[in-house]
Amino acid sequence: MADLMDIDLGRRSRRLRVDTLVKLRWLALLGQAIALFVTNFVLHFAVPLGPCLLVIAISAWLNIGLRLRFGRIDRLEDLPASAMLGYDILQLTALLYLTGGIENPFSMLFLAPIMISAVSLSGRFTLLLTVLMIGAVSALTLWHYPLPWFPRESLKLPFIYSAGLWAANVISAAFIAIYASRVAIEARKLADALAATELVIEREQHLTQLDGLAAAAAHELGTPLATITLVVRDLEKQLPSTGPFGEDIALLAQEVSRCRSILGKLTSLGDEAGNILDEMTLGLLLEEVVGPQRDFGVLITIVKDGEGREPVCRRNPGILYGLGNLIENAIDFAASEVRITAQWNVAAVTVVIEDDGPGFSSDVVGRVGEPYVTTKIDRRAKSEEGSGLGLGLFIAKTLLERSGATVVTANFVAPKSGAVIMITWPRAAFERDAKGAAADAAKTAKAEAWP
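Since the model is a prediction, treat every value here as computed from it, not as a measurement. Note that residues are indexed from 1 along each chain, following the sequence as it is written. Local features in this predicted model are restricted to residues whose pLDDT is 70 or higher, and side-chain atom pairs enter the listing and the counts only when it is 80 or higher, whereas totals over whole chains, interfaces and linings include all residues. To get the side-chain values, take all heavy atoms of the structure and skip hydrogens and water.

**Side note on the pairing of strand E7 (residues 419-426)**
At step 1: By the bridge criterion, 7 bridges tie strand E5 (residues 348-355) to E7 in an arrangement that is antiparallel. Of the residues in E7, the one forming a bridge with Val351 is Ile423.
At step 2: Here, any two strands with at least 2 DSSP bridges between them count as paired. Strands here are runs of E lasting at least two residues and helices are runs of H or I lasting at least four, both read from the DSSP assignment and numbered beginning at the N terminus. In the sheet, strand E6 (residues 406-411) pairs with E7 via 6 bridges, with the strands oriented antiparallel. Considered in E7, the bridge of Thr409 is made with Ile421.

In structure tokens form, the structure reads like this:
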């Protein structure tokens with residue numbers, strides 16, 4: 001999974017767009033201007049209108065500059081995006097300083113930049129913006145112009161009330177920063193994991209399509225190769241078999257024959273008779289998955305136990321990858337043996353993977369298969385950077401569930417140790433699109449119906 005960690009799984013698309021920040025700031029400036037004009041001309045409160053409009057005008061000019069500098073689809077890194085949100089906090093601080101400080105009801109707007117940062121930026125920048133906001137609120141609690149009020153009247157709130165407003169803003173900012181950032185982190189992890197799943201599926205599908213591409217190439221190359229063969233035969237008849245020309249013609253004929261043999265094998269991949277390679281029994285499926293895992297010093301035992309005909313499935317990259325990943329993880333943590341039991345009946349197909357390792361830790365046994373939930377770092381088969389992140393288990397579980405299976409994880413009951421993973425398909429789902437299984441089912445139904 002290390003290679004997946006190096007791929008941009010959509011992280012860039014989650015960065016803040018300049019266009020979004022510009023539009024939000026225009027909305028904020030419009031609201032600030034309306035609030036000032038209503039307070040001054042409708043309520044007739046004494047407002048330092050000139051300095052306040054100057055603060056709004058500076059932000060408007062900044063917005064115009066951003067619009068000219070960046071395109072509508074440009075996205076910002078965390079540092080410049082947090083700088084823009086920090087400016088919004090300082091701009092609001094200046095307005096509130098002129099209009100009553102923390103006593104101004106619009107001081108709750110400090111929470112907007114914190115919310116945007118918690119959802120879109122990293123925790124480090126959100127923490128810095130939260131500290132900046134707390135500093136601004138603290139300064140406004142101590143120093144500010146009087147709250148606008150009726151002419152020749154003043155509204156003096158007790159300091160304990162201002163302290164309460166300070167505490168409310170600070171606690172709200174901290175809560176929103178933690179709550180929103182946690183929700184955003186979970187959403188990002190899930191989005192990354194799903195993107196990685198789609199990437200794995202795409203890669204596996206490309207591999208399964210290679211046989212068709214090879215067969216098509218073989219058919220295209222067949223005609224020119226036949227022409228070359230005819231020319232070689234004519235040369236063999238016209239030139240003596242001895243001498244330098246004879247040896248070259250013999251070598252050319254040998255290589256042409258070899259090419260025809262290779263193209264014949266490639267062509268068979270696309271024939272109807274070759275489609276049998278697309279189907280496999282449950283035992284063959286397990287042998288193909290286990291084969292690459294037998295060189296890690298762990299005994300792998302496959303046991304088959306079922307009623308009636310062995311299930312047949314169509315080659316499915318998702319099932320191959322999912323089972324392979326679960327078996328690989330069992331080998332990683334096994335002490336000496338991994339046991340794979342294949343069971344089936346007329347209703348279901350079950351594969352049970354057991355190992356004699358320490359088992360899943362108690363704090364994650366119920367969450368195995370969630371993105372970025374891992375159990376152990378010192379693994380036998382995986383030592384590359386980026387492994388052990390839990391993303392592989394999530395992908396495996398997702399792929400198997402897409403094929404119709406249910407995946408259950410558990411530990412053995414003491415004193416026996418080890419982990420157990422049970423994958424169960426409805427038999428109809430496991431044998432979906434398998435021609436051999438359909439033919440056998442038809443024969444069975446016909447035999448049962450025969451008087």
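**Focus on the layout of surface pockets**
At step 1: For the largest pocket, the calculated volume is near 800 Å³.
At step 2: Computed over the protein atoms alone on a 1 Å grid, cavities are sets of points where a 1.4 Å probe fits but cannot get out and pockets are open sets with protein on both sides within 12 Å along at least five of seven lines; a residue lines them when it has an atom within 4 Å of a point. Around the largest pocket sit 34 residues that line it, and Gln32, Leu92, Leu95, Phe106 and Leu109 are the ones nearest its centre.
At step 3: Every element with two or more residues in the lining of the largest pocket is listed here: helix H2 (18-42), helix H4 (78-98) and helix H5 (111-120).
At step 4: If you tally residues by element for the lining of the largest pocket, the top one is H2, at 11 residues.
At step 5: Residues are grouped as follows: Ala, Val, Leu, Ile, Met, Phe, Trp, Tyr, Cys and Pro are nonpolar; Asp, Glu, Lys and Arg are charged; every other residue, Gly included, is polar. Split by residue class, the lining of the largest pocket holds 24 nonpolar, 7 polar and 3 charged. Grid points are joined across faces, edges and corners, and a volume is the space filled by probe spheres set on the points.

**Here we look at the side chain of Asn63**
At step 1: Of note, Asn63 is situated in helix H3 (residues 49-69).
At step 2: Throughout, a contact is declared for two residues whenever any of their heavy atoms are within 4.5 Å. With sequence-adjacent residues up to four places away left out, Asn63 is seen in contact with Val22, Arg25 and Trp26.

**What about the pattern of salt bridges?**
At step 1: Just to be clear on terms, a salt bridge is a Lys or Arg side-chain nitrogen sitting within 4 Å of an Asp or Glu carboxyl oxygen. Tallied over the entire structure, the rule returns 9 salt bridges.
At step 2: Between Arg67 and Asp19 there is a salt bridge, with the nearest N and O atoms lying 2.8 Å from each other. Residue Arg67 is located in helix H3, and its partner Asp19 is located in helix H2; the two are separated by 48 residues in the primary sequence.
At step 3: Assessed through its relative accessible area of 27%, Arg67 is described here as partly exposed.
At step 4: Relative accessibility decides the category of a residue: with a 1.4 Å probe and only protein chains considered, values under 20% of the type maximum give buried, values over 50% give exposed, and everything between is partly exposed. On the basis of relative accessible area, Asp19 is assigned to the buried category, the value being 3%.
At step 5: Between Lys304 and Glu310 there is a salt bridge, with its nearest N and O atoms 3.6 Å apart.
At step 6: Judged by its relative accessible area of 19%, Glu310 falls in the buried class.

**A short note on H2**
At step 1: A helix is expected to reach a length of 1.5 Å times the quantity of its residues less one. Between its first and last C-alpha, H2 extends 35 Å over 25 residues, near the 36 Å set by a 1.5 Å rise per residue.
At step 2: Listed as buried for H2 are Val18, Asp19, Leu21, Val22, Arg25, Leu29, Gln32, Ala33, Leu36 and Asn40.
At step 3: Residues of H2 that are buried sit in contact with H3 and H4.

**Brief notes about the packing of aromatic side chains**
At step 1: Think of it this way: a Phe, Tyr or Trp ring, Trp meaning its six-membered ring, pairs with another when their centres are within 6.5 Å, and the plane angle makes it stacked under 30 degrees, edge-to-face over 60, tilted otherwise. This model, assessed by the stated rule, comprises 7 aromatic pairs.
At step 2: Taken together, the ring pairs connect Phe45, Trp149 and Phe150 into an aromatic cluster.
At step 3: Both a distance and an angle decide whether a charge sits over a ring: NZ of Lys or CZ of Arg must be within 6 Å of the ring centre and within 35 degrees of the ring normal. Sitting over the face of the ring of Phe70, Arg69 holds its NZ or CZ atom 4.8 Å from the ring centroid.
At step 4: The ring of Phe412 carries the charged tip of Lys416 above its face, separated from the ring centre by 4.2 Å.

**Examining the packing of H3 against H4**
At step 1: Helix axes are fitted only over the stretch in contact, all axes being lines through C-alpha atoms; the angle between N-to-C directions runs from 0 to 180 degrees. For the pair H3 and H4, the least separation of the axes is 9 Å and the interaxial angle reads 165 degrees. Considering their axes alone, H3 and H4 lie roughly antiparallel with respect to each other. When you trace H3 past H4, the crossing you get is left-handed. For the pair H3 and H4, the contacting residues are Pro51, Cys52, Val55, Ile56, Ile58, Ser59, Leu62 and Leu66 in the first and Met84, Tyr87, Gln91, Ala94, Leu95 and Leu98 in the second.
At step 2: A class-by-class count of the residues in the contact of H3 with H4 yields 12 nonpolar, 2 polar and no charged. Relative orientations are named as follows: roughly parallel for angles under 35 degrees, roughly antiparallel for angles over 145 degrees, roughly perpendicular for angles from 65 to 115 degrees, and oblique for any other angle. What makes a crossing left-handed is the near helix being turned counterclockwise from the far one by less than a right angle; a clockwise turn instead makes it right-handed.

**Observations regarding the environment of Asn104**
At step 1: Of note, Asn104 is situated in the loop between H4 and H5.
At step 2: Its relative accessible area of 9% is what places Asn104 among the buried residues.
At step 3: Along the sequence, Asn104 and Ser162 sit 58 residues apart, while their C-alpha atoms lie 10.0 Å from each other.
At step 4: Setting aside residues up to four positions removed in sequence, Asn104 forms contacts with Leu96, Thr99 and Leu147.
At step 5: A polar atom in the side chain of Asn104 sits 3.0 Å from the backbone oxygen of Thr99. Polar contacts, as counted here, are pairs of nitrogen or oxygen atoms within 3.5 Å of one another; within protein the pair requires one atom able to donate a hydrogen and one able to accept it, and residues that are adjacent in sequence qualify only if both atoms are side-chain atoms.

**Looking at the packing of H4 against H5**
At step 1: The N-to-C vectors of H4 and H5 enclose an angle of 165 degrees; their axes lie 10 Å apart at closest approach. Viewed along their axes, H4 and H5 adopt a mutual orientation that is roughly antiparallel. In the crossing of H4 with H5, the sense of the turn from one axis to the other is left-handed. Facing H4, whose interface residues are Asp78, Leu85, Asp88 and Ile89, H5 presents Pro113, Ile114, Ile116, Ser117 and Ser120.

**Comments concerning the sheet that holds E5**
At step 1: Reading across the sheet, the 5 strands line up as E2-E4-E5-E7-E6 and stay open at both edges, with mixed pairing between neighbours. Since the sheet does not close on itself, it has two edges, and those belong to strand E2 (299-306) and E6, each with one partner. If you compare each strand with its neighbour and ignore which way they point, the axes differ by 15 degrees on average.
At step 2: Bridge count for strand E4 (residues 337-344) against E5 is 7 bridges, and the pairing is antiparallel. Counterpart to Ala342 in the pairing with E5 is Val351.

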